[in-house]
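If you want the building blocks of each chain, they are given just below.
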Amino acid sequence: MNAFSYSAAFITFFSVVGPPKVLLAFAGLAQVHPVRQLRTIALISSGAAVLVGLVIGITAPWLLDVFHISTPALQLAGGIIFFIYAVGLVLGLHLGAGTAPQDAPDLASGVRELLIPYVVSPLAMTAVLIEAAARDSFTWRSTVAGAYVSVIALDLICVLLLGRVLRRTHHATIEVLGRLLGLLLAAVGVDLVLDGLADLGVPGVYLRH
């Protein structure tokens, strides 16, 4: 692995699916799930995130080729989906949340609530596809996958260490932080859409530097 390339990929994934975002997602679950169950949910969802990330990272060029997807189209789709999710956070709407009753939380409902923000995070999956397809090399795709797995492992460690703290965090604090994060993520989604439009050569749209 090229150390610089690994570091750059790690920073990219840390920004889109790192502890600041993931801990907030788990904080909501910690309000209704006991600590032991939260740890199990963290293990299952982290394992699923690793599996999805590895499959997408290693097969990225073939996936884009099979579905005839260009990088700009991927940026546009990922940005739009991520923007919708972020707006949901700002408005206090929990998109993709399960319908299980809050007085009887279970593992399935907990993992289901983490599908969009964590397991199959639109921006994270978009980043994995774009980064992995940037170079036609298995070594590079392995580097990207390794960086992604490292960030997921860091997320898991943070959740396991801070599970009790998350459980004691006041619901109002979680809501405020969630809406602030939603505002920031909405801006990231818009930025991704603009990058896609710039790659398509849309007049008046310029690439970020």
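Look up a bit, the structure's there.
Parameters at a glance
- Residues numbered from 1 in each chain as written.
- Predicted model: local features only at pLDDT ≥ 70, side-chain atom pairs only at ≥ 80, totals over all residues.
- Heavy atoms only, no water.
- Patch = residues over 30% accessible without salt bridge, like charges linked within 9 Å, V, L, I, M, F, W, Y side chains within 5 Å.
- Areas by Shrake-Rupley, 256 points an atom, 1.4 Å probe, with all protein chains shown as cover.
- Salt bridge = Lys/Arg side-chain N within 4 Å of Asp/Glu carboxyl O.
- Helix = DSSP H or I, 4+ residues; strand = E, 2+ residues; numbered from the N terminus.
- Buried < 20%, exposed > 50% of the residue type's maximum accessible area, 1.4 Å probe, protein only.
- Lys, Arg positive; Asp, Glu negative; His and termini not counted.
- Contact = heavy atoms within 4.5 Å.

## Describing a nonpolar patch on the surface
For step 1, the next point in the chain: On the surface, Ile80, Phe83, Ile84, Val190 and Leu194 cluster together into a nonpolar patch covering about 410 Å² of accessible area.
For step 2, the next point in the chain: Those elements giving two or more residues to the nonpolar patch turn out to be helix H4 (71–91) and helix H9 (171–199).
For step 3, the next point in the chain: Looking at which element gives the most residues to the nonpolar patch, the answer is H4, with 3 residues.
For step 4, the next point in the chain: Along the chain, Phe83 turns up in helix H4.

## Examining the side chain of Arg141
For step 1, the next point in the chain: Checked against the element boundaries, Arg141 lands in helix H8 (residues 138–168).
For step 2, the next point in the chain: We note that Arg141 is buried and unpaired, the nearest opposite charge coming from Asp136 at a distance of 4.1 Å.
For step 3, the next point in the chain: The contact partners of Arg141, leaving out residues within four places of it in the chain, are Gly57, Ile58, Pro61, Trp62, Ala132, Arg135 and Asp136.

## Topic: unusual backbone geometry
For step 1, the next point in the chain: Here His68, not a glycine, exhibits a phi torsion of approximately 55°, which is positive.
For step 2, the next point in the chain: Position of His68 among the secondary structure elements: in the loop between helix H3 (35–66) and H4.
For step 3, the next point in the chain: Of the residues examined, His68 reaches a relative accessible area of 72% and is grouped as exposed.

Structural measurements only, silent on function.
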